[in-house]
Amino acid sequence: MTPSAVIAGSGKEAPVVAGSVTAGEADAPRLTATGLSKNYGAFRLTDVGIDVHAGRVLGFFGPNGSGKTTTLAILAGLVRPDAGSIHRVAGPSGAGRQPMSVLLDSFGHNPFLTGREHLRTVARRFGHPASRVDEVLEEAGIASAARRRIGKYSLGMRRRLSIAEVLLVDAEVVLLDEPTNGLDPDGIVWLRRVIRRMVAEGRAVLLSSHMLNEAEGLIDDAVFLLEGRVEWAGPYQDVVTAVAERYVGLRSTTNVFELAEHLAARGVDVLQAGPDELAVRVEQVPQARKAVAELGHGASIVDLGRPNLDLVYHLIRSHGLRNQEVS
Ligand SMILES: Nc1ncnc2c1ncn2[C@@H]1O[C@H](COP(=O)(O)OP(=O)(O)OP(=O)(O)O)[C@@H](O)[C@H]1O
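Residues numbered from 1 in each chain as written. Predicted model: local features only at pLDDT ≥ 70, side-chain atom pairs only at ≥ 80, totals over all residues. Heavy atoms only, no water.

Enquirer: Kindly report on the overall build of the protein chain, identifying the contributing residues and their values.
Expert: Looking only at helices and strands, one finds 10 helices and 14 strands in the protein chain. For the protein chain, the proportion of its 327 residues judged to be buried stands at 50%. Within the protein chain, residue pairs in contact and separated by at least 24 positions form 75% of the contacts whose partners lie at least 6 positions apart. In the structure as shown, the protein chain presents an accessible area of about 14,700 Å², 49% of it carried by carbon and sulfur atoms. (Helix = DSSP H or I, 4+ residues; strand = E, 2+ residues; numbered from the N terminus. Buried < 20%, exposed > 50% of the residue type's maximum accessible area, 1.4 Å probe, protein only. Contact = heavy atoms within 4.5 Å. Areas by Shrake-Rupley, 256 points an atom, 1.4 Å probe, with all protein chains shown as cover.)

Shown next as structure tokens:
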């Protein structure tokens, strides 16, 4: 069962996984998880490690069922792992923030409460004045629905309410699982602003998302999960560089879909890199040229430039780019 949306306030409710808290520097990792493992029988999360740094956004990516929500639920203390440890590092003293807030993909709101009643409960729990509730309702664009029961909210309104809740909690570490789900384009633009502001305020943000276009301009670090294991983790610029060093673009006057099929049939690892461009491994360029010539077309090898997150994701997903030790 996927846990419902929750705010992990004090962190005390987390089942302790050899967890600990120390005081840290301004730019230190605020949350470090190592060796997280969970065996669900049909699915295993294996040896997952994550560092979420102050003032940075960590993009957390992987296909459906790769274990992202399971990992977030463990970090939030909602699921007890079979192994691993979580270490939280407190920010500079005086910030007065809660340790962590979490927005999970599913909702755990009481449908019989109004949006305002729900947020007032959260505000009381964390000692915030009721006036703050109205501020976040306004900011989230749901002030006009504040007196309506949550059960009558649309999907996007419930998502906005969850984000309002994250703002209200005012935490050092913010974990966001698919926060754009259900948001309209205005809501997505607003969420981007919210995330940028949170990192500018020195918070550590983990953003799990399938919306690669949306995540691209926001992330500083990335973790790619495949089948419950970390395939690649580190500064996002490093994976972009790694892809740009290993792959080149291939342009041809022929239909690229037809060309891609032709190359794949000849054993060339090939991916779509743009509307009229493919990506192939540097070492397979001679093979690719030969295959293109067989089709009777010319082809040019081009620099991929800065590969976008979409291409990086698909390369990792289908060809692998492991920079993690396999245990
Ligand atoms: N409580 C549970 N009991 C058994 N299996 C579970 C449980 N929770 C999750 N799983 C399984 O763990 C696997 C990973 O699920 P998880 O929700 O973590 O993936 P995800 O990467 O977040 O996927 P998505 O992108 O679809 O949200 C799935 O196969 C799921 O069925």
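Enquirer: Break down the pairing of strand S6 (residues 98–103) for me, with residues and values.
Expert: Counting buried positions over the 6 residues of S6 gives 6, a clear majority of the element. In this structure, S6 lies alongside strand S7 (residues 171–177), joined through 5 bridges in parallel fashion. Note on S7: the bridge partner recorded for glutamine 98 is alanine 171. (Pairing = 2+ DSSP bridges.)

Enquirer: Which residues make up the confidence of the model for the protein chain, and what are the values?
Expert: Per-residue confidence for the protein chain gives a mean pLDDT of 85, with 88% of residues at or over 70. Mean pLDDT across the secondary structure elements of the protein chain bottoms out at strand S1 (residues 20–23), with 54, and peaks at strand S4 (residues 57–61), with 97. This model gives residues 1–19 a pLDDT under 50, and the stretch forms 54 contacts once residues within four places in sequence are excluded. Here the prediction assigns the complex a pTM of 0.87, and the interface score ipTM is 0.97. (pLDDT = per-residue confidence, 0-100.)

Enquirer: Account for the nonpolar core, naming residues and giving values.
Expert: The biggest cluster of nonpolar side chains holds 61 residues, and the ones touching the most others in it are Phe61, Leu176, Ile195 and Phe224. With 8 residues, the single largest contributor to this core is helix H4 (residues 155–169). When residues of this core are assigned to domains, at least three fall in each of domain 1 (29–233) and domain 2 (240–325). The next biggest cluster of nonpolar side chains, apart from the first, holds 27 residues, and it includes Leu31, Ile50, Val102 and Leu225. (Core = buried A, V, L, I, M, F, W, Y, C linked by side-chain atoms within 4.5 Å. Domains from an automatic or database assignment.)

Enquirer: Explain the packing of helix H7 (residues 236–246) against helix H10 (residues 309–319) to me, using residue names and the numbers behind them.
Expert: H10 packs onto H7 with a crossing angle of 70° between their chain directions and a minimal axis gap of 10 Å. Of the possible angle classes, the one that applies to H7 and H10 is roughly perpendicular. Facing H7, whose interface residues are Tyr236, Val239, Val240 and Val243, H10 presents Leu309, Val312, Leu315 and Ile316. Taken together, the residues of the contact of H7 with H10 break down into 8 nonpolar, no polar and no charged. (Axes fitted to C-alpha atoms, helices over the stretch in contact; angles between N-to-C directions. Parallel < 35°, antiparallel > 145°, perpendicular 65-115°, else oblique. Nonpolar A, V, L, I, M, F, W, Y, C, P; charged D, E, K, R; others polar.)

Enquirer: Describe the environment of methionine 157, with residues and values.
Expert: Examined against the element boundaries, methionine 157 turns out to sit in helix H4. On the basis of relative accessible area, methionine 157 is assigned to the buried category, the value being 18%. When the C-alpha positions of methionine 157 and glycine 182 are compared, they lie 8.2 Å apart, and in sequence the two are 25 residues distant. In contact with methionine 157, not counting residues within four places along its chain, are Ile142, Ala145 and Arg148.

Enquirer: Mind laying out the sheet that holds strand S13 (residues 277–281), listing which residues take part and the relevant values?
Expert: Either a parallel or an antiparallel arrangement is found when strands of a sheet pair, and the pairing is made through backbone hydrogen bonds. Read across the open sheet, the 4 strands follow the order S12-S13-S11-S14; overall the sheet is antiparallel. Only two strands of the sheet have a single partner each, and these edge strands are strand S12 (270–274) and strand S14 (299–302). Sheet twist, expressed as the mean angle between neighbouring strand axes with direction ignored, is 35°. Strand direction decides the pairing type here: strand S11 (residues 247–252) and S14, joined by 4 bridges, are antiparallel. Its bridge partner being in S14, arginine 251 is matched across the sheet by serine 300. Sheet contacts for helix H9 (residues 285–294): S11, S13 and S14; angle to S14, the most-contacted strand, approximately 155°.

Enquirer: How would you explain unusual backbone geometry if you had to name every residue and give the values?
Expert: Positive phi, close to 55°, is recorded for aspartate 47, a residue that is not glycine. Judged by its relative accessible area of 36%, aspartate 47 is partly exposed.

Enquirer: Break down the sheet that holds strand S10 (residues 229–235) for me, citing the residues and quoting the values.
Expert: Strand order in the open sheet formed by 6 strands is S6-S7-S8-S4-S9-S10, with mixed pairing between adjacent strands. The outermost strands of the open sheet, each flanked by one partner alone, are S6 and S10. For this sheet the average axis-to-axis angle between neighbouring strands, irrespective of direction, equals 15°. Where S4 and strand S9 (residues 221–226) come together, 4 bridges link them in parallel fashion. Across the sheet, residue phenylalanine 60 finds its bridge partner in S9, namely valine 223. Against the sheet, helix H5 (residues 185–200) touches S4, S7 and strand S8 (204–208), its axis set at about 150° to S8.

Enquirer: Kindly report on the pattern of salt bridges, identifying the contributing residues and their values.
Expert: Counting across every chain of the model gives 16 salt bridges. Arginine 160 is paired through a salt bridge with aspartate 184; the nearest N and O atoms lie 3.0 Å apart. With arginine 160 in helix H4 and aspartate 184 in the loop between S7 and H5, the pair connects residues that are 24 residues apart, well separated along the chain. By relative accessible area, arginine 160 is classed as buried at 14%. Here arginine 197 makes a salt bridge to glutamate 201, at a shortest N to O gap of 3.9 Å. When its relative accessible area of 34% is taken as the criterion, arginine 197 is described as partly exposed. Glutamate 201 sits in the partly exposed class, given a relative accessible area of 35%. (Salt bridge = Lys/Arg side-chain N within 4 Å of Asp/Glu carboxyl O.)

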